[in-house]
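A look at the structure
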Protein chains: 2
Amino acid sequence: MTLPPDLYGQIDPPHRLLMGPGPVNAHPRVLRAMGADLLGQFDPEMTGYMNEAMALYRPIFGTQNRWTLLVDGTARAGIEAALVSLVTPGDTLLVIDFGRFGLLLREIGERIGARIEMLSVPWGKTVPMDAIAAAIERHAPAVVACVHGDTSTTMAQPLEGLGVLCRAAGALSYVDVTATIGGMEIAVDRWGIDVVTGGLQKCLGGPSGSAPITISERAVEHIFSRRHTEHGIARSDLVQGMGRRISSNYFDLAMIMDYWGEQRLNHHTEATSMLYAARECARVALGEGLDARYARHVRAGRAVVAGARALGLRIFGDDRFRMSNVTGVHIPGGIDGEAVRRRMRQDFEIEIGTSFGPLHGKVWRIGAMGYNAMKHKVLITLGALEAALRAEGFRCPAGAGVDAALSAWEDPV
Amino acid sequence: MTLPPDLYGQIDPPHRLLMGPGPVNAHPRVLRAMGADLLGQFDPEMTGYMNEAMALYRPIFGTQNRWTLLVDGTARAGIEAALVSLVTPGDTLLVIDFGRFGLLLREIGERIGARIEMLSVPWGKTVPMDAIAAAIERHAPAVVACVHGDTSTTMAQPLEGLGVLCRAAGALSYVDVTATIGGMEIAVDRWGIDVVTGGLQKCLGGPSGSAPITISERAVEHIFSRRHTEHGIARSDLVQGMGRRISSNYFDLAMIMDYWGEQRLNHHTEATSMLYAARECARVALGEGLDARYARHVRAGRAVVAGARALGLRIFGDDRFRMSNVTGVHIPGGIDGEAVRRRMRQDFEIEIGTSFGPLHGKVWRIGAMGYNAMKHKVLITLGALEAALRAEGFRCPAGAGVDAALSAWEDPV
């Protein structure tokens, strides 16, 4: 239990390139923004920054929703806040499941006490919209929940039309865009989704610890029907709801909205440095331009795919629905996938990802997200992968990966 | 909905001195630590930093508990994680209540579905240990919950002997030390408390957004009796519990321990920058020396009290049980408390606090916490308070506050 005299020394992480499924390296502007000093939580400058963050995340979500804000916790905190506020115990929750994060939605729903219906497809596939329509008709769910891009399988679920289906059936809809926000188009209003949550640590190029969320007017009405303001701070201008109290205080979106809204009703103490980070992530993304940013991720993903194929590797999953920012690569027969990852980390300071569940030991995941969706980082990664593969006894055409990736990067999007 | 061309500009908060009940200004070393780049969440350097944070928080909590770690969220997230993991629906939860944060414990317990018993005293008092003993005997609670220092009343509840009472009655115990950790002694093992949680944004001089927690072996056993590992990541070496599943996924301390422990079972993505901040907060505190740090807070609190009294102001609450790091000051009759606060903020860039509930409009709260528990900051604050009071028509002896504070600071602790 004795601590070293230097108390483990200053923070000094290796200068590593994170080319896995996230977290990735943060944009330096985001890291610098966190160096700003704190403010009192109701100081006008602080509430001003909160309002700015609300405005900055609307275009990133593709929404006009007034209630676009941050949940203080990791992306998973955003998911739980959305589900616990939307789903009442006993409600039917239909989960559209095509990977590990679909299973997480089920898990959270079960803990809330929902009746769960799963619409599942094998890993590597997405769910056809007509199957979703049939499941909604069959189960008449109160809430439909889905992941946009599931990094566990590298697939992106098409969402056009989902909102119309849900609204026609009287269901509320929820989508987790943690793995795509800032990297692929998020079109909350066009999709017609009621609640959407994300995280900073993937294509937004920030640290984990803040979960952007947007909430439609329809969902706001539902959530405020469950508003039960905390003892001792209730006020006459806040109408209490008749619906069942939300089972979490921390994730009660009604109280979180009353904190972010004009009421400024005290709830948690806003995580100020993470707010600064989230604000700067959005400024970086909007400053680049969202279309340019999405195109950059397309180039990066395309380059990884082309490079891996040129090395003689097979790509996992359905080409039509692949996420642009993370690519599953089959580990070739006879090659120790962990030995390759270890060489890349130890010799090149590059991290690529392993996999969960049915893909564990079978597939690497190579990400190119946010600040790392860059030409030179993709090329360096493919060069290192080639060297590590060769060292492990895999035969591949020298330099072919880098050449193919460079060419794929330069093709017009 | 149109954003300004500069997307609201770079983050640039005013250089304000935060002398309220928290958050306070962060220590510059903590802000700098957050500038370090991210790591993959299972990289050996990352898990190394997690292990170091565990070791660094043990002395700060005054414990040998193996399970000393961070919950990713604000201090309130730590409270909810503790209660939702300890309290099973239907359990009796005894809340020792002497302020707003006692009401919060009740609120969270109700949402979990506990039977709540309140042991309450008026704001400004603390609860005698014999009253606690009687309440434990009367209600035979499964869990006893209490706040250490409640900033809403500036009172610190004595906790010596609480653990013995709880253990003798077979109850688990929980204490929230958000407002005292790093500023007043926390003696988890000596007090015999099972689960204790804190936050960074007060006497530890960091940003809100990470909640240090420590868990006794007895509580760990109870929590693992409720372990129900998430679908798709369960492993044969993790024994599932027979107890009722914890109703939150994000706050399931069994899964959080399996993530921080040798299993390294994926749960949330650790909030890396906040981990760096928490680690540096602890290094700063231990580097100063905890006894010296507590003495510094005593000097600061004593100086605020002496200074305010010398200005002719009355101090709120029971002298014997006052927190050293925040002081309640009665707003004198005929003076507009908000006008004084506004002058201090606008003319001096100094923030002091308002109050909640029964003290609203009656008491200011002047904090001197962490990086702000310093002689010059207390003196500057008292000088500004005097000027603001005078401008609002209050008569007070010129310079008396600063002189008295300086003298009180210099007295031996």
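Numbering of residues begins from 1 in every chain and follows the order in which that chain's sequence is written. Each chain gets a letter, beginning with A, and each ligand a number, beginning with 1, in the order they are written. Only residues with pLDDT of at least 70 get local features here, since the model is predicted, and only at 80 or more are side-chain atom pairs given and counted; chain-wide, interface and lining totals rely on the full set of residues. As a rule here, side-chain values come from all non-hydrogen atoms in the structure, and water together with hydrogens is ignored.

Quick word on the overall build of chain A
Helix and strand counts for chain A stand at 14 helices and 13 strands. Its C-alpha radius of gyration of 22 Å places chain A within 12% of the 22 Å reference for a compact globule of 413 residues. Its C-alpha atoms give chain A principal-axis dimensions of about 70 × 60 × 50 Å. Accessibility throughout is a Shrake-Rupley quantity obtained with a 1.4 Å probe, and a residue counts as covered only by protein chains that appear here. Looking at chain A as shown, the accessible area adds up to about 13400 Å², and 53% of this sits on carbon and sulfur atoms. We treat Lys and Arg as the positive residues and Asp and Glu as the negative residues; His and chain ends play no part in the count. A charge is said to be at NZ when it belongs to Lys, at CZ for Arg, at CG for Asp and at CD for Glu. Side-chain charges of chain A comprise 42 positive and 44 negative groups, with the mean position of each set lying 5 Å from the other. Numbering of helices and strands runs from the N terminus; a helix is a DSSP stretch of H or I covering at least four residues, while a strand is a stretch of E covering at least two. Atoms considered for the radius of gyration are the C-alpha atoms alone. The globule rule reads 2.2 Å times the number of residues to the power 0.38.

Description of the nonpolar core
Among buried residues, those of type Ala, Val, Leu, Ile, Met, Phe, Trp, Tyr and Cys that are joined through side-chain atoms within 4.5 Å constitute a nonpolar core. Partly exposed residues are those whose accessible area sits between 20% and 50% of the maximum for their type, while under 20% is buried and over 50% is exposed, using a 1.4 Å probe and protein chains only. Of all hydrophobic cores here, the largest spans 203 residues; its most connected members are Tyr 57 and Ile 215 of chain A together with Tyr 57 and Ile 215 of chain B. Should any heavy atoms of two residues lie within 4.5 Å, those residues are considered in contact. Those residues within four positions of Ile 215 of chain B in sequence are excluded, and the remaining contacts are Asn 65, Trp 67, Asp 194, Val 195, Val 220, Ile 223, Leu 253 and Met 257 of chain B.

Observations concerning the packing of aromatic side chains
Ring pairs are drawn from Phe, Tyr and Trp, using the six-membered ring of Trp, whenever the two centres fall within 6.5 Å, and their geometry is named by plane angle: stacked under 30 degrees, edge-to-face over 60, tilted for the rest. Inspection of the entire model under this criterion finds 9 aromatic pairs over all chains. Three or more aromatic residues link up through ring pairs in this structure, and these residues are Tyr 250 and Phe 251 of chain A together with Tyr 250 and Phe 251 of chain B. The rule for a charge over a ring is simple: NZ of Lys or CZ of Arg within 6 Å of the ring centre, and within 35 degrees of the ring normal. If you follow Arg 100 of chain A out to its NZ or CZ, it ends over the ring of Phe 356 of chain A, 4.5 Å from the centre.

What to know about the sheet that holds strand 9 (residues 195-197) of chain A
Pairing between sheet strands relies on hydrogen bonds along the backbone, with the strands arranged either parallel or antiparallel. Residue and element names in this part refer to chain A. Two strands pair under a simple rule: DSSP has to find at least two bridges between them. Read from one edge of the open sheet, 7 strands run 2-10-9-8-5-3-4, paired in mixed fashion. Strands with a single pairing partner mark the edges of an open sheet, and in this sheet they are strand 2 (67-71) and strand 4 (115-120). Neighbour to neighbour, the strand axes of the sheet diverge by 20 degrees on average, direction disregarded. Structural elements are reduced to axes, namely lines fitted to C-alpha atoms, with helices fitted over the stretch in contact, and the angle between N-to-C directions of any two is expressed from 0 to 180 degrees. Running at roughly 165 degrees to strand 3 (residues 92-97), helix 5 (residues 129-139) makes contact with strand 3, strand 4 and strand 5 (143-147) of the sheet.

A look at the interface of chain B and chain A
The interface of chain B with chain A comprises 89 residues on the first partner and 89 residues on the second. Here the quantity called buried area is the total loss of accessible area, with a 1.4 Å probe, experienced by two parts when brought into contact, counted for both. Approximately 7600 Å² of surface area, both sides summed, lies buried where chain B meets chain A, with 57% of it carried by carbon and sulfur atoms. Salt-bridge detection follows one rule: a side-chain nitrogen of Lys or Arg within 4 Å of a carboxyl oxygen of Asp or Glu. Taken together, the connections running from chain B to chain A amount to 14 salt bridges. One salt bridge in this structure joins Arg 100 of chain B and Glu 230 of chain A, with 3.1 Å as the shortest N-O distance. Top element by residues in the side of chain B that touches chain A is helix 4 (residues 100-112) of chain B. It accounts for 9 residues. Broken down by class, the residue content of the side of chain B that touches chain A amounts to 38 nonpolar, 27 polar and 24 charged. Under the convention adopted here, Pro, Cys and the residues Ala, Val, Leu, Ile, Met, Phe, Trp and Tyr are nonpolar, Asp, Glu, Lys and Arg are charged, and Gly plus all remaining residues are polar.

Some details on the relation of the copies chain B and chain A
Mapping chain B onto chain A calls for a rotation angle of 180 degrees and an axial translation of 0.0 Å; the resulting RMSD is 0.0 Å. Accordingly, the operation relating the two chain copies is best matched by a two-fold axis. Using C-alpha coordinates, one finds that chain B approaches the rotation axis most closely at Gly 73 of chain B, a distance of 2.3 Å. Residues reaching a pLDDT of at least 70 in both copies supply the C-alpha atoms on which the copies are superposed by least squares.

Looking at the pattern of salt bridges
All names here are of chain A. One pass over the full model with this rule turns up 57 salt bridges over all chains. Linking Asp 319 and Arg 322 is a salt bridge whose minimum nitrogen-to-oxygen distance equals 2.5 Å. What makes Arg 322 buried here is its relative accessible area of 14%.

Description of the environment of Ser 273 of chain B
Examined against the element boundaries, Ser 273 of chain B turns out to sit in helix 10 (residues 272-288). For Ser 273 of chain B and Met 34 of chain B, which are 239 residues apart along the polypeptide, the C-alpha to C-alpha distance reads 5.1 Å. Other than its neighbours up to four places away in sequence, Ser 273 of chain B contacts Met 34 and Pro 207 of chain A together with Met 34 and Leu 38 of chain B.

Here's the deal with the pairing of strand 5 (residues 143-147) of chain B
All names here are of chain B. Counting buried residues along strand 5, 5 of its 5 residues qualify, which places the element largely inside the surrounding structure. Bridge count between strand 5 and strand 8 (residues 172-176): 5 bridges; the pairing is parallel. Residue pairing in the sheet places Val 143 in a bridge with Leu 172 of strand 8.

What to know about the environment of Arg 29 of chain A
Residues and elements named next belong to chain A. Structurally, Arg 29 can be placed in helix 1 (residues 28-33). For Arg 29 and Gly 206, which are 177 residues apart along the polypeptide, the C-alpha to C-alpha distance reads 9.4 Å. Ignoring sequence-local partners within four residues, the contact set of Arg 29 consists of Glu 280, Arg 283 and Val 284.

Section: the confidence of the model for chain A
Confidence of the predictor at the level of single residues is captured by pLDDT, which takes values from 0 to 100. This prediction gives chain A a mean pLDDT of 97; 100% of its residues lie at or above 70. Reported confidences for the modelled complex are a pTM of 0.98 and an ipTM of 0.97.

A closer look at the packing of helix 3 (residues 75-86) of chain B against helix 4 of chain B
All names here are of chain B. Relative orientation of the contacting elements helix 3 and helix 4 amounts to 45 degrees, with a least axis distance of 10 Å. In this view, helix 3 runs oblique relative to helix 4, as classed from their interaxial angle. Two packed elements cross with a definite hand, and for helix 3 against helix 4 that hand is right-handed. In this structure, helix 3 uses Arg 76, Ile 79, Glu 80, Leu 83 and Val 84 to contact helix 4, whose residues at the interface are Arg 100, Leu 104, Leu 105, Ile 108 and Ile 112. Every angle not falling under 35 degrees, over 145, or within 65 to 115 is termed oblique; those three ranges are roughly parallel, roughly antiparallel and roughly perpendicular. In this scheme, a crossing is called left-handed if the near helix is turned counterclockwise away from the far one by less than a right angle; it is called right-handed if the turn is clockwise.

Here's the deal with helix 13 (residues 375-391) of chain B
Three or four residues apart is the spacing at which side chains of an α-helix point the same way, because the helix has 3.6 residues per turn. All names here are of chain B. The length a helix should cover is 1.5 Å for every residue beyond the first. A rise of 1.5 Å per residue sets the reference length of helix 13, with its 17 residues, at 24 Å; its end C-alpha atoms lie 24 Å apart and thus fit the reference within 8%. Looking at the buried positions of helix 13, the neighbouring elements they touch are strand 1 (17-18), helix 11 (290-310), helix 12 (337-348), strand 12 (350-351), strand 13 (363-367) and helix 14 (400-410). Phi turns positive, to about 95 degrees, at Gly 393, one or two residues after helix 13.

Some words on the environment of Gly 337 of chain B
Residue and element names in this part refer to chain B. For Gly 337, the location among the structural elements is in helix 12. A relative accessible area of 8% places Gly 337 in the buried class. C-alpha separation for the pair Gly 337 and Leu 204, spaced 133 residues apart in sequence, amounts to 28 Å. Excluding its chain neighbours within four sequence positions, the residues that come into contact with Gly 337 are Ile 331 and Trp 364.

Section: the packing of helix 11 of chain B against helix 14 of chain B
Residue and element names in this part refer to chain B. Where helix 11 contacts helix 14, the axes come no closer than 7 Å and their chain directions differ by 150 degrees. Judged on the interaxial angle alone, helix 14 and helix 11 are roughly antiparallel. For helix 11 against helix 14, the interelement crossing comes out right-handed. Of helix 14, the residues touching helix 11 (which contributes Arg 296, Arg 299, Ala 300, Arg 302, Ala 303, Ala 306, Gly 307 and Ala 310) are Ala 400, Gly 401, Ala 404, Ala 405, Ala 408, Trp 409 and Glu 410. By residue class, the composition of the contact of helix 11 with helix 14 is 9 nonpolar, 2 polar and 4 charged.

Concerning unusual backbone geometry
In this structure, Pro 23 of chain A follows Gly 22 of chain A across a cis peptide bond, with omega equal to 0 degrees. Relative to the helices and strands, Pro 23 of chain A is located in the loop between strand 1 (17-18) and helix 1. Despite not being glycine, Tyr 8 of chain A has its phi angle at roughly 70 degrees, a positive value. One can find Tyr 8 of chain A in the segment before strand 1. Positive phi outside glycine occurs at Thr 154 of chain B, with the angle close to 65 degrees.

Focus: the sheet that holds strand 8 of chain B
All names here are of chain B. Strand order in the open sheet formed by 7 strands is 2-10-9-8-5-3-4, and the pairing between neighbours is mixed. Only two strands of the sheet have a single neighbouring strand rather than two, namely strand 2 (67-71) and strand 4 (115-120). Averaged over all pairs of adjacent strands, the angle between their axes in this sheet comes to 20 degrees, without regard to strand direction. Across the sheet, helix 3 touches strand 2, strand 5, strand 8, strand 9 (195-197) and strand 10 (211-215), and the angle it forms with strand 8 is around 175 degrees. Along the sheet, helix 4 contacts strand 3 (92-97), strand 4, strand 5 and strand 8; its crossing angle with strand 3, the most-contacted strand, is approximately 165 degrees.

Structural notes on helix 12 (residues 337-348) of chain A
All names here are of chain A. Here helix 12 spans 16 Å end to end across 12 residues, near enough to the 16 Å set by a 1.5 Å rise per residue. For helix 12, the set of buried residues is Gly 337, Ala 339, Val 340, Arg 341 and Met 344. Counting of polar contacts relies on pairs of N or O atoms within 3.5 Å, with two restrictions inside protein: one atom must be capable of donating a hydrogen and the other of accepting it, and residues adjacent in sequence are counted only when both atoms are side-chain atoms. A distance of 3.0 Å separates the backbone nitrogen of Glu 338 from a side-chain oxygen at the start of helix 12, and that oxygen is part of Asp 336. In the stretch just after helix 12, Glu 349 is the one whose phi turns positive, near 55 degrees.

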